[in-house]
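Listed below, chain by chain, are the residues.
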Amino acid sequence: MSRFKGYVYIYTIGCQMNVYDSEKFFSILHLIGYEKTEILDNADIIICNTCSIREKAQEKAFSFLGTIADKKKKNPKLISIMAGCVAQQEGANVFKRIPKLDIVVGTCALKRIGKHIKAIQLGKRRITDIKEEKEIFETMPDNLNINNKKVSKFVTIMQGCNNFCTYCIVPFVRGREKSRNPENILKEIRNLGSNGVKEVTLLGQNVNSYGKKEGITSFSELLGKISEIDSIKRIRFATSHPRDLSDDLIFAIKNIDKVCNHLHLPVQSGSDKILKKMNRGYTKEIYLEKIEKLRTQCPEIALSSDIIVGFPFEIKHDFNETVELIKQVEFDSIFAFAYSGRPGTKALKFSNQINEQEKKERLNELLKIQDLFTKKKNQALVGKIQSVLVEGKSLRKRNTPEPEKQILPQMTGRTESGKIVHFYGENIKAGDILNIKIKNAYPHSLWGGIC
Ligand code: SAH
Ligand code: SF4
Ligand code: F3S
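Computed from a predicted structure; not experimentally measured.

A. Quick peek at empty space enclosed by the protein. For the coordinates displayed, the defined rule picks out three cavities of 30 Å³ or more. What the largest cavity holds in volume is close to 140 Å³. Residue lining of the largest cavity: 14 residues in total, with Lys24, Thr107, Ile136, Phe137 and Gln159 positioned closest to the centre. Counting residues per element, the lining of the largest cavity draws most heavily on helix H1 (residues 16-31), at three residues. Split by domain, the residues of the lining of the largest cavity number at least three in each of domain 1 (6-129) and domain 2 (152-379).

Written as C-alpha cells, this is what we have:
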C-alpha cells in the first residue's frame, strides 16, 4: 500500500448505486494512499457524489459544495470533486455555480479519479470528465469491504436504462443499459463473502432484463449461481420493472431459499392514463395481475413500491385511482414523491403541470393512508417468528418494552422482508442470523426477543 497522503471525505446523495460507486471511489483512493474521514474539516479531498432524480436532490449537492470556497481559505490544498449524476448532466456548467470546484467527474469516469487528482496537484485547474463509456468499469480493487465492515453490501450488476420513462433523468445520466459479466459479479461477491459479508443487494434499474442484450446468463440464473456461494446467506435485488417481471423470477423468489421474500415493484401511478403518459408499458390491471401471481406463489412475500404524485395531467380522479391501488394492494411500505420536472425529459415539456401546493397535498394524503397499511403489516408480525440478520448494536436509546433487561446490549437487525428489528442479546455479533419472536410493532420498526 502507498504511503499515507491524506484524508478523503465522501458525501453521498441518491440511490444505492451511488453508495456502491462511492465505495469504489474510496477503494481507488485508498490504493494510492488516502484514508477515509467522517470529519469534513479534516479532509484533503472532498467528493460529493450527486443525484439528479429530483430538483431537491440536485440542490442538496450545490448547497453542500457551495461551502467549498470557505474551506479552501483554511486549507488551500483541499481538492473538491463533484461526481455522479448531476456532474454527468451539467458537466462544466457546474463551475459557473461553484467556481472554486476542482473536478467534475461523470458516472463513467470514476476509474480516472486518481489521474485527475494528480493533475490538480500538479497545478491543473477545473477538470471536467463526463465521457460516456461503452464498457462497464470492471477493475474492482480487492479492498471493497475494508473501510466499513458491513454484513450487507450493494453490488451493481448492470448500469444505465433504456426505458425512458418520460419523467426520468436516469437514462440521460447513466447511459444505455449494460450488464456486467456474471463471472466478475460472482468473483466480487465471493470476495465480499470471504470478508464477512452475509447479504448482497444486486442493483440495476431493471434487473429483470439483466444479460438479455448481451445474451449471457439470465437474472434468475444469476440468482441461482450466487446462491451457491456458501458464505452469502441472503440475496436481495432492486429494481424490478413491473412490465418485465417474469414467471422465471417469481419462481426464483419462491424456490431459491437465499433470495429474500421481498419485492420492490414500483407502480408509479394507479391511473392508466398517467401510466401511459409516463411510458411505463403496463396498465393497472397488468400490475395487479402480477401482484396476484406473486402472492399466489409466495403468500408471505413483502411488497414495496415507488409512487409519483402530481405528474402532469394528473387530475383528482387519477390521484384517487392511485389511492385505491395502494388500498387494494396493501404494500408493506412505499416511497412516494412529488413529481419534479427534470431537464431533457419529455414530461418537462408537457402542458398541464400541477402546482406545487397541490402536489404537496396529494403526497401528504397518500403517505398518511400508506402509514395505516405499514402499521397494519408490522402489527401482523406480532407473535410470529422472523429470521433476522444481525447488523450490530442498536444506536437507538428509547424506552424499551422490557426495562428489566436494560443491562443487556440492545441489538438491531433486519427480517427477510427488510424490516428493522430491535432486541436484547448477549454475545451476539453482526452477521449472526437468529430466530426472533416479534413482541411489539412500531410505525417503522419491530421489537422482539431471541427464541
Ligand atoms: N429504475 C427504477 C427507479 C429508479 S428512480 C424503476 O424504474 O422503478 C427511483 C424512483 O424515483 C422512481 O421509481 C420514481 O418513483 C422516482 N422518480 C424518478 N424520477 C422522478 C421525478 N422526475 N420526479 C419525482 N420522482 C421521480
Ligand atoms: Fe427511470 Fe424508468 Fe429507467 Fe426506472 S425504468 S430508471 S424510472 S427510465
Ligand atoms: Fe439519483 Fe443517479 Fe441514482 S439520478 S437515483 S443517483 S442513478
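B. Representation of the site of ligand 2 in the model. Taken together, Cys161, Asn163, Phe164, Cys165, Tyr167, Cys168, Val170, Pro171, Gln205, His241 and Arg280 make up the full set of residues near ligand 2. Of the residues belonging to the shell around ligand 2, the class tally is seven nonpolar, three polar and one charged.

C. Up close: the side chain of Ser340. On the secondary structure map, Ser340 appears in the loop between strand S14 (333-338) and helix H14 (356-379). Of the residues examined, Ser340 reaches a relative accessible area of 14% and is grouped as buried. At a separation of 2.9 Å, a polar atom in the side chain of Ser340 contacts the main-chain amide nitrogen of Glu55. The contacts of Ser340, once residues within four sequence positions are left out, are Arg54 and Glu55.

D. Quick peek at the sheet that holds strand S13 (residues 302-309). With parallel pairing, the three strands of this open sheet are ordered in space as S12-S13-S14. The sheet is open, and its two edges are formed by strand S12 (262-264) and S14, each paired on a single side. Between one strand axis and the next, the sheet turns through 10° on average, direction left out of account. Two strands pair when backbone bridges link them, and S12 and S13 are joined in this way by three bridges, in the parallel orientation. Note that in S13 the partner of Leu263 across the bridge is Leu303. Each of S13 and S14 is contacted by H14, which is oriented at about 175° to S14, the strand it contacts most.

E. Focus on the packing of aromatic side chains. Tallied over the entire structure, the rule returns 11 aromatic pairs. Taking 5.2 Å as the distance between ring centres and 75° as the angle between the ring planes, the aromatic pair formed by Phe311 and Tyr339 counts as edge-to-face. Taken as a pair, Phe311 in the loop between S13 and helix H13 (316-329) and Tyr339 in the loop between S14 and H14 lie far apart in primary sequence, 28 residues in all. Note that Arg97 overlies the ring of Phe62, its terminal NZ or CZ placed 3.9 Å from the centroid.

F. Structural view of the layout of surface pockets. Of the volumes computed, that of the second largest pocket is approximately 460 Å³. Taken together, 18 residues make up the lining of the second largest pocket; nearest its centre are Glu300, Ile301, Ala302, Leu381 and Gln386. Broken down by element, the residue count for the lining of the second largest pocket peaks at three residues, all from strand S15 (residues 385-393). A per-class count over the lining of the second largest pocket returns six nonpolar, five polar and seven charged.

G. Local environment of the environment of Arg3. Looking at where Arg3 falls in the secondary structure, it is placed in the segment before strand S1 (6-12). Take Arg3: its relative accessible area is 70%, and that puts it in the exposed class. Along the primary structure Arg3 and Glu132 are separated by 129 residues, whereas in three dimensions their C-alpha atoms are 32 Å apart. Beyond its immediate stretch of four places on either side in the chain, Arg3 contacts Ile32 and Gly33.

Calculation rules
Residues numbered from 1 in each chain as written. Chains lettered and ligands numbered in written order. Predicted model: local features only at pLDDT ≥ 70, side-chain atom pairs only at ≥ 80, totals over all residues. Heavy atoms only, no water. 1 Å grid on protein atoms, 1.4 Å probe; cavity = no way out; pocket = protein on both sides within 12 Å on 5 of 7 lines; lining within 4 Å. Points joined across faces, edges and corners; volume = space filled by probe spheres on them. Helix = DSSP H or I, 4+ residues; strand = E, 2+ residues; numbered from the N terminus. Domains from an automatic or database assignment. Near = heavy atom within 4 Å. Nonpolar A, V, L, I, M, F, W, Y, C, P; charged D, E, K, R; others polar. Buried < 20%, exposed > 50% of the residue type's maximum accessible area, 1.4 Å probe, protein only. Polar contact = N/O pair within 3.5 Å; in protein donor to acceptor, adjacent residues only side chain to side chain. Contact = heavy atoms within 4.5 Å. Pairing = 2+ DSSP bridges. Axes fitted to C-alpha atoms, helices over the stretch in contact; angles between N-to-C directions. Phe/Tyr/Trp six-rings, centres within 6.5 Å; stacked < 30°, edge-to-face > 60°. Lys NZ or Arg CZ within 6 Å of the ring centre and 35° of its normal.

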